[in-house]
Amino acid sequence: MHAMTPKTTSGAAAAGAPLDAYAQHPDYKKRHMRFPTSAFLRRAAPKHIPFFSFEYGDTGAGADVGIRDNWAAFDNIKFVPKYGLVATIPPVEVELFGRRYSAPIGVAPMGGPSIVWPGADLAMARAAQQARVPYTLGMVGGATIEEAARVAPDVFWFQAYRCAQNDHELGFKVIKRAQDAGAHVLALTVDVPFRTTRSRESYAGLGGEFKPTPRMIGEMLARPRWLLGLLRNGYPRFATIRSYVGKPNPSTNETIRFARQQMGGAFTWDEIARYRDKWKGPMALKGILHPGDAEKAVALGVDGIWVSNHGGRQIEALAPSIDCLPAIVAAVGKKATILLDSGIRSGQDVMRALALGADAAFAGKSFLWSVGAMGDDGPSHLIDLYIEELRASLGQVGAKSPADARNMEFSHPGAWQF
Ligand SMILES: Cc1cc2nc3c(=O)[nH]c(=O)nc-3n(C[C@H](O)[C@H](O)[C@H](O)COP(=O)(O)O)c2cc1C
């Protein structure tokens, strides 16, 4: 089933020396007893972080229908195991864009993780580097490009939004900076042509600029560990773009206003071709759901298709990305590296994505649950969980490697027909 071997390495760094064996955290068993799955991290997070922090990281658009649909779509993919094929739990190393990673799992780009947990960006970057899995810094994340590159030199990817003012001045400047800092992959996000609102975020007091209300201040005071993190790391800031605001040391709100004025509008294919031209390494388009768009992107020399509905955060009426994946793999899987996110909560979900033809899966919200529940230690535990669950799941159904998941017997009733 789905026997394809998509690979492209255009412009990629050479495949490196063998990886150090993936090292599980020495306290994994202890941590596992407290947080055996990502759902337990999600359950614990609100006890340790302010209400507005949890709501910001956990909300979807509208009534969260998109999030629930994403989860249900994964849950509906079922396997029939084949026995006698694997004697040991399989290794899960993969090659992505010409570089070896210890597992086909990565951190998706996020704006404002430090609202959830002060310092979250670098905590995720450190954990990804330690485990040797991709870490994607968001353009509106809370660490600078240089900080992320320093902390995660082998696994650093960068995400950019469309910033078209003055002939893409900011966009081109920022990707040049990421290139100079050594980012392996550039992901251009195409699925945020307009800002949309998220009801839980607005209700929690984060609809517009950052103005803590008395209620929010009360929430912060009730979470001393979070407050300590805030004192250590400072107010949530948009670290990379604040240097372009045009004045020294701009406030968070000045940076938010600047970002809103700069970002937005839908990428045209001509613009994507210009980014393709400027970025010398592997480049992916993030937010693709239609195989026709994937074909256009690949025709322009894009190396990676990042199948995503933004985790259900933009609008809730989108098809689950996992349901669009098979058609995209059929269209461009032999020519491009296929990445997927939106709804990943377990290693079994990662296996489902691999079985349907993804080369790697990424997670967003679950990393925020992890910092919410465990602070800086959260991301490394979540990566351990994903890797251990993936290895166990592959072994359980009889797959010898991540790519072999495609050869397993499975059903996918939700597959989207185009
Ligand atoms: C708080 C938050 C902020 C996000 N910000 C960005 C962003 O700045 N750029 C981007 O491309 N995607 C962003 N995303 C989307 C993620 O990259 C990813 O597509 C999504 O979270 C995956 O779905 P999941 O949360 O179900 O794992 C964000 C997601 C969250 C949860």
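Relevant structure appears above.
This one's a predicted model, so the numbers in the text were calculated from it and none came from an experiment.

What follows deals with the overall build of the protein chain. Helices and strands together make up the secondary structure of the protein chain, namely 18 helices and 12 strands. Expected size for 418 residues packed as a compact globule is a radius of gyration near 22 Å; at 20 Å, the protein chain falls within 12% of this value. Taking the principal axes of its C-alpha atoms as reference, the protein chain extends roughly 60 × 50 × 40 Å. Counting the 418 residues in the protein chain, one finds 59% classified as buried. Long-range contacts, defined as pairs at least 24 residues apart, comprise 75% of the intrachain contacts of the protein chain with a sequence gap of at least 6. Working note: accessible area of the protein chain is about 16500 Å², and carbon and sulfur atoms make up 56% of it. Here the protein chain contributes 48 positive and 39 negative side-chain charges, whose respective centroids are spaced 3 Å apart.

Inspection of every chain in the model, using the stated rule, returns 23 salt bridges. We note a salt bridge from Arg177 to Glu146, for which the minimum N-O separation is 2.8 Å. Of this pair, Arg177 sits in helix α8 (residues 165-181) while Glu146 is found in helix α7 (residues 145-151), placing the two residues 31 residues apart along the sequence. Given a relative accessible area of 33%, Glu146 falls into the partly exposed group. Across the pair Arg274 and Asp167 runs a salt bridge, and its minimum N-O distance is 2.9 Å. Highlighted residues: Arg274 in helix α13 (residues 269-278) and Asp167 in helix α8, separated in sequence by 107 residues. Of the residues examined, Arg274 reaches a relative accessible area of 33% and is grouped as partly exposed. According to the relative accessible area criterion, Asp167 is partly exposed, its value standing at 49%.

Now for the pairing of strand β7 (residues 186-189). In β7, alternate side chains face the same way, and those of Leu186 and Leu188 on one face and Ala187 and Thr189 on the other are all buried. Across 3 bridges, the pairing between strand β6 (residues 156-160) and β7 is parallel. Paired with Ala160 across the bridge in β7 is Leu188. Chirality of the crossover, the property in question, places the unit of β6, α8 and β7 among those that are right-handed. The sheet contact formed by β7 and strand β8 (residues 283-288) spans 4 bridges and is parallel. In the sheet register, Leu186 faces β8, and the bridge partner there is Met283.

Calculation notes
- Residues numbered from 1 in each chain as written.
- Predicted model: local features only at pLDDT ≥ 70, side-chain atom pairs only at ≥ 80, totals over all residues.
- Heavy atoms only, no water.
- Helix = DSSP H or I, 4+ residues; strand = E, 2+ residues; numbered from the N terminus.
- Rg over C-alpha atoms; globule rule 2.2 N^0.38 Å.
- Buried < 20%, exposed > 50% of the residue type's maximum accessible area, 1.4 Å probe, protein only.
- Contact = heavy atoms within 4.5 Å.
- Areas by Shrake-Rupley, 256 points an atom, 1.4 Å probe, with all protein chains shown as cover.
- Lys, Arg positive; Asp, Glu negative; His and termini not counted.
- Charge placed at Lys NZ, Arg CZ, Asp CG, Glu CD.
- Salt bridge = Lys/Arg side-chain N within 4 Å of Asp/Glu carboxyl O.
- Pairing = 2+ DSSP bridges.
- Right-handed = clockwise from strand over helix to strand, strands pointing away.

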